[in-house]
Amino acid sequence: MLRRWWFMERLRPAVPERRAGELSKEQQQLVLDEWATARERLDRLVSARVTAVGDVLRATELPSSTGLLTPGVADPRAQGDCAWAFDAFQAAGKLLDEAADLPDLAAAAVLADRALERFAAVHARAAGQPVPKPAERCFYNPLHTAAGRTREPVRQQHRRRARRRTGPRKAAADRRPACPSCRRAILAGQAPDVLPALVPVRLSRLRTARVLVPYYSVPQQWSLWSVCACGAYGDEWPSLVLRGEHRKRAAAARRA
């Protein structure tokens, strides 16, 4: 019931080839149209995912061995994991309702998946089973399939370095977690299939354009998600979303 599920859609908005200062109104409209199409498609996918996670959380009973159902005797670790899972699910729903850009929707999916992972960990420990290792998300697009292991154990790294030096493409592919498709692209010297974000770019004193850029290049003051793969790493994101930090940063981007 707690099997991992991943979005496989690829979002490939058309990015104008000329510099932002040279974009025509027609090119600007093309970017906005492509972004709107990608957002509509992603909104449908994430809505279905968050709904499915909610069904699992409501239908799955809490293990009695954790003491969560008995006041005063709860296992603190299980209590913390369950609280985080429910906060993450609530934050996912909030992002779904208030998303200003594609990374907000991606973060809703990531937090929903992480809520299931944390909930599964509670059940595994209660049953005396090994806790499933959380999935490592693709940094370039956290909605891609789970990233493969990009770093070998230290001992194996030393052996490989003794045999031959790592080339620049291999080093680039190993720098961040990447799904198989993005990793193959990097090894081939191509750009990975990144999750885009729509950001304002000032063309002149009176004119501002909206352009698509990799989500991780968005300044942190405009987005919660550029440094954490849309909520894939770190545990602070549900509480920040529930406090409305995502709205504050989106408003800062609009004022730019």
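Everything here concerns the structure above.
Conventions and cut-offs
Residues numbered from 1 in each chain as written. Predicted model: local features only at pLDDT ≥ 70, side-chain atom pairs only at ≥ 80, totals over all residues. Heavy atoms only, no water. Buried < 20%, exposed > 50% of the residue type's maximum accessible area, 1.4 Å probe, protein only. Helix = DSSP H or I, 4+ residues; strand = E, 2+ residues; numbered from the N terminus. Pairing = 2+ DSSP bridges. Axes fitted to C-alpha atoms, helices over the stretch in contact; angles between N-to-C directions. Parallel < 35°, antiparallel > 145°, perpendicular 65-115°, else oblique. Left-handed = near helix turned anticlockwise from the far one by under 90°. Contact = heavy atoms within 4.5 Å. Nonpolar A, V, L, I, M, F, W, Y, C, P; charged D, E, K, R; others polar. Salt bridge = Lys/Arg side-chain N within 4 Å of Asp/Glu carboxyl O. Polar contact = N/O pair within 3.5 Å; in protein donor to acceptor, adjacent residues only side chain to side chain.

## Things to note about the pairing of strand 1 (residues 196-202)
A large share of strand 1 lies buried, amounting to five of its seven residues. Direction of pairing for strand 1 relative to strand 2 (residues 208-214): antiparallel, over a ladder of seven bridges. For Ala 197, the partnering residue across the bridge sits in strand 2 and is Val 213. Connecting strand 1 to the next strand, strand 2, in antiparallel fashion are five residues.

## Concerning the packing of helix 1 (residues 25-59) against helix 2 (residues 76-98)
Their axes nearest at 10 Å, the elements helix 1 and helix 2 cross at an angle of 150 degrees. Looking at the two axes, helix 1 sits roughly antiparallel to helix 2. Handedness of the helix 1/helix 2 crossing: left-handed. For the pair helix 1 and helix 2, contact is made by Asp 43, Val 46, Ser 47, Val 50, Val 53, Gly 54 and Leu 57 and by Phe 86, Phe 89, Ala 92, Gly 93 and Leu 96, respectively. Partitioned by chemical class, the residues of the contact of helix 1 with helix 2 number eight nonpolar, three polar and one charged.

## Regarding the pattern of salt bridges
Tallied over the entire structure, the rule returns 13 salt bridges. A salt bridge links Arg 247 to Glu 98, with the nearest nitrogen and oxygen atoms 2.9 Å apart. Here Arg 247 is found in helix 8 (residues 245-255), whereas its partner Glu 98 is found in helix 2, with 149 residues between them in sequence. When its relative accessible area of 40% is taken as the criterion, Arg 247 is described as partly exposed. With a shortest N-O distance of 3.1 Å, Arg 118 and Asp 235 are connected by a salt bridge.

## Some remarks on the side chain of Arg 49
If you trace the backbone, Arg 49 turns up in helix 1. A polar contact of 2.5 Å, which involves the side chain of Arg 49, links it to the side chain of Asp 113.

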